[in-house]
Amino acid sequence: MENIVTYPNPQFERENWINLNGKWNFGFKKAKKGFKLSENDSLAMKIYNEGSYPYQVNVPFCIESELSSVGYKNFVNLVWYSKKINLKKNDNERIFLNIGAADYQTTIIVNSTVVMRHKGGYTPISADITNYVSDGENEVFILCEDDTKSPYIPSGKQSDRKNGYACSYTRTTGIWQSVYIQYVAKNYIKNFKIYPDSNSGSVAIEFELIGKENLECTIMYDGKIVGRSKNENASASTIMQIKLDEIHLWEIGKGRLYQTEFKFGNDKVYSYFGLRNIRLDGFKFLLNEKSVFQRLVLDQGYYKKGIYTAENDEEIVKDIELSQGLGFNGARLHQKVFDPRYLYFCDKMGYIVWGEYPSWGINYSSPKLLDIYLNEWKEVIDRDFNHPSIVVWCPFNETWDYKGKKQYDPLILSIYRYTKAVDHTRPCIDTSGNYHTETDIYDVHDYRYDVTEFKKEFDKLVTDGILYEHVLNDNPNRQKYNGEPVLVSEYGGIKWETDSAYKSWGYGKDVKTEEEFAQRYCGLTSALMSNSKMLGFCYTQLYDVEQEQNGLFTYERKPKFSEETYNKIRQTNTKTAEIEK
């Protein structure tokens, strides 16, 4: 598995692949009023036939980023790419063109023929181009259409104004994850789900197969074979149950990973898994039957030069190291579906995270959204199911009323129930903060800055079984606490300005000194950790993003505070929480 770090999706690696990242011929059109997504292939063919490419862009960086070499930050509805690639055909192989993610609607043309269209700005696109290519040079054309202002296009924290404001940031248009070719056997492994069981020391693997071949699975730990299984003439859906010779648990800070090799005829796929069980027990979150307090920090997944895309693996690893260095054991991967490489390092470093979705800016009041939302959310779970680091699914965040209309409760409820139906191994939070319909963890957001008031209200959970719901003061009948496990998934957000180029923004009353900052952080955090019915917290946030300057580090990931202040934060975070005793 030599390519495990550089391969675009380390959970699903094949040896025979071609990296298409780098310079592509490129064009774009500025946004126009009344723009609507195309409903057929005519627009893509028109732009393709015009053959206008006034720029070059550095894929996989979005047009708005510095690293793209374009850096155009105003509204854009259409971007298109073209590249000549040399391929070698083989009668026994299929050729797939893969795009990690492209925002939002993508049309792929190969050698003048439309191959496929895909909706969704955060999930992988895989096109079988075998019948459209020939030996030698081939032309690949990609058109992406996007409209951040549309109430039916999920865009997360991308700003619907010209510039960023409050907690909305620079937009991302077009390709923002790796593009690559895969050579795949005619009969192949389409997908697989891994179900590890630390209690029995075994793993079950459910395969989705195309064709009929002998299926073999080899499991290794640190280069040593610790499990094997074979199924002759496997096809369609096949399940393997494998007992492991050695037990190495996946734990906080210790991402002990088993390597896997799957052979299906001539198809070979490499992957990995972590041996761990998670479940809720009363108010506790159990990892391998041990109560673990979730010490999370909000991570927006933004980078100063690359916007949605890290420049390299070092940028990814640094964010996890900064977080762990302050005593956090995980993160909410907020309002974005993160790159698979990021999740790989979370897996490797024993860093727990929530799998979320960019739900902001869409019309929660409309039944029309269900079909749009469900299609991409399914793709999210399909892609990320096997990551041991993901311990919670959270498809929505702060479903406030949309332009005066209440959220459509069946939308939130349907997505929650779908999630539970396809993954019974993880808890699911229907919507972080509000307004809950049905949820495994009842989480709330509370940005009050008065430590005494903050603690007093959450202490009522212990003394009276009452959950103070700060965001619901004006809407007491919208949701009801029914005794679920509790987590405060947003709090703090203490503003500390570091970049005067922006009109800075943050939560709560401004603090004037580092000592005051440390007192507020430690006071709020200790109030949650000392609560015997509190499952965890998530502090807002790890680093500044543009004008939102309430991070613990700058946008460049440089220190904002003295080591003395960081020590106070670290000491508070690493204390034993009441629920862990």
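To keep things clear, this report deals only with the structure shown in the data block.

Conventions and cut-offs
- Residues numbered from 1 in each chain as written.
- Predicted model: local features only at pLDDT ≥ 70, side-chain atom pairs only at ≥ 80, totals over all residues.
- Heavy atoms only, no water.
- Pairing = 2+ DSSP bridges.
- Helix = DSSP H or I, 4+ residues; strand = E, 2+ residues; numbered from the N terminus.
- Axes fitted to C-alpha atoms, helices over the stretch in contact; angles between N-to-C directions.
- Parallel < 35°, antiparallel > 145°, perpendicular 65-115°, else oblique.
- Contact = heavy atoms within 4.5 Å.
- Buried < 20%, exposed > 50% of the residue type's maximum accessible area, 1.4 Å probe, protein only.
- Polar contact = N/O pair within 3.5 Å; in protein donor to acceptor, adjacent residues only side chain to side chain.
- Salt bridge = Lys/Arg side-chain N within 4 Å of Asp/Glu carboxyl O.
- Disulfide = S-S within 2.5 Å.
- Expected span 1.5 Å × (residues − 1).
- Phe/Tyr/Trp six-rings, centres within 6.5 Å; stacked < 30°, edge-to-face > 60°.
- Lys NZ or Arg CZ within 6 Å of the ring centre and 35° of its normal.
- Nonpolar A, V, L, I, M, F, W, Y, C, P; charged D, E, K, R; others polar.
- Core = buried A, V, L, I, M, F, W, Y, C linked by side-chain atoms within 4.5 Å.

Some remarks on the sheet that holds strand β8 (residues 113-119)
The strands making up a sheet associate through hydrogen bonds between their backbones, and the pairing can be parallel or antiparallel. Sheet architecture is open: six strands sit in the order β3-β2-β4-β10-β7-β8, paired in antiparallel fashion. Each end of this open sheet is capped by a strand with a single partner; those strands are β3 (55-59) and β8. On average, each strand axis in the sheet is inclined to that of its neighbour by 25°, with strand direction left out of account. Pairing geometry for strand β7 (residues 105-110) and strand β10 (residues 136-145), over six bridges, is antiparallel. Bridge pairing in β10 links V110 to V140.

Side note on the packing of helix α6 (residues 451-463) against helix α7 (residues 514-529)
Put simply, α6 and α7 touch, their axes get as near as 9 Å, and they point 5° apart. Compared by their axis directions, α6 and α7 come out roughly parallel. On α7, the residues that touch V451, F454, K455 and F458 of α6 are R520, G523, L524, A527 and L528.

A word on the side chain of R14
Among the secondary structure elements, R14 is positioned in the segment before β1 (17-19). Since its relative accessible area comes to 4%, R14 is described here as buried. Here the side chain of R14 touches Q182 through a polar contact of 3.4 Å, side chain to side chain. Of the polar contacts made by the side chain of R14, one reaches the side chain of D267; its length is 2.8 Å. Beyond its immediate sequence surroundings of up to four residues, R14 is in contact with Y7, Q182, Y183, V184, Y188, I189, D267, K268 and V269.

Points about the pattern of salt bridges
The full count for this structure, using the stated rule, is 30 salt bridges. Residue R117 pairs with D41 through a salt bridge whose shortest N-O separation is 3.9 Å. Linking R117 in strand β8 with D41 in the loop between β2 (22-30) and α1 (42-50), this pair joins segments that are 76 residues apart in sequence. Between R426 and D423 there is a salt bridge, with its nearest N and O atoms 2.9 Å apart.

A look at the state of the cysteines
Under the definition given, this model contains zero disulfides. The closest cysteine sulfur to the non-disulfide-bonded C144 is located on C62, 11 Å from its own sulfur. For C144, a relative accessible area of 0% gives the class buried. Here C538 stays free of any disulfide, with the sulfur of C394 as its closest cysteine sulfur at 10 Å. A relative accessible area of 0% means that C538 is categorised as buried.

Looking at the sheet that holds strand β5 (residues 93-99)
Sheet architecture is open: four strands sit in the order β1-β12-β5-β9, paired in antiparallel fashion. The sheet terminates laterally at β1 and β9 (125-128), the two strands that pair on one side only. Across the sheet, the mean angle separating the axes of adjacent strands is 20° when strand polarity is ignored.

So, the pairing of β9
Of the two faces of β9, the one lined by I125 and A127 is fully buried and the one lined by S126 and D128 carries no buried residue. In this sheet, β9 lies alongside β5 in antiparallel orientation, the contact comprising four bridges. Opposite I99, over in β9, you have I125 as the bridge partner.

A word on helix α2 (residues 313-325)
For α2, spanning 13 residues, the distance from its first C-alpha to its last is 18 Å, which sits close to the expected 18 Å at 1.5 Å a residue. Considered for burial, the residues of α2 that qualify are D313, I316, V317, D319, I320, L322 and S323. Lining the buried residues of α2 we find β21 (294-299), β22 (330-333) and α3 (340-349). If you check the start of α2, you find a side-chain oxygen 3.2 Å away from the backbone N of E314, and it comes from N312. G327 occupies a position one or two residues after α2 and carries a positive phi of about 90°.

Focus: the packing of aromatic side chains
Applying the stated criterion across every chain yields a total of 46 aromatic pairs. Taken together, a centroid distance of 5.9 Å and an interplanar angle of 55° make the contact between Y122 and Y308 tilted. On the criterion of sequence distance, the pair formed by Y122 in the loop between β8 and β9 and Y308 in the loop between β21 and α2 is long-range, its members being 186 residues apart. For the pair shown, Y122 and Y308 are each scored as buried. Plain terms: the ring middles of Y521 and Y539 are 4.9 Å apart, the flat faces sit at 65° to each other, and that makes the pair edge-to-face. On the criterion of sequence distance, the pair formed by Y521 in helix α7 and Y539 in strand β29 (residues 534-540) is long-range, its members being 18 residues apart. An aromatic cluster of three or more residues is present, and its members are Y122, Y169, W176, Y302, Y308, Y357, Y364, Y373, W377, W393 and F396. Sitting over the ring of F75, K149 keeps its end group 4.6 Å from the ring centre.

Side note on the packing of α7 against helix α8 (residues 563-573)
Contact pair α7 / α8: the axes reach a minimum separation of 10 Å and the direction vectors enclose 5°. The angle between α7 and α8 falls in the class roughly parallel. On α8, the residues touching E514, F517, A518, Y521, C522, T525, S526 and M529 of α7 are T565, K568, I569, T572 and N573. Counted by class, the contact of α7 with α8 contains six nonpolar, five polar and two charged residues.

Digging into the nonpolar core
The biggest cluster of nonpolar side chains holds 104 residues, and the ones touching the most others in it are Y342, Y491, F517 and Y521. At seven residues, α7 tops the list of elements feeding residues into this core. When near neighbours in sequence (up to four residues on either side) are disregarded, Y491 contacts D446, Y447, F454, Y521, L524, T525, L528, F537, C538, Y539 and T540. One finds W24, F28, I95 and A102 within the second-largest nonpolar core, a separate group that totals 30 residues.

Concerning the environment of N111
Counting through the fold element by element, N111 comes out in the loop between β7 and β8. Accessibility expressed as a relative area gives 27% for N111, which makes it partly exposed. For the pair N111 and E379, spaced 268 residues apart in sequence, the C-alpha separation works out to 28 Å. When sequence neighbours within four positions are dropped, the list of residues in contact with N111 reads Y48, Y132, V133, N138 and E139. Within the local environment of N111, its side chain forms a polar contact with the side chain of N138, the two groups lying 2.8 Å apart. Within the structure, the side chain of N111 is placed 2.8 Å from the backbone nitrogen of E139, a separation counted as a polar contact.

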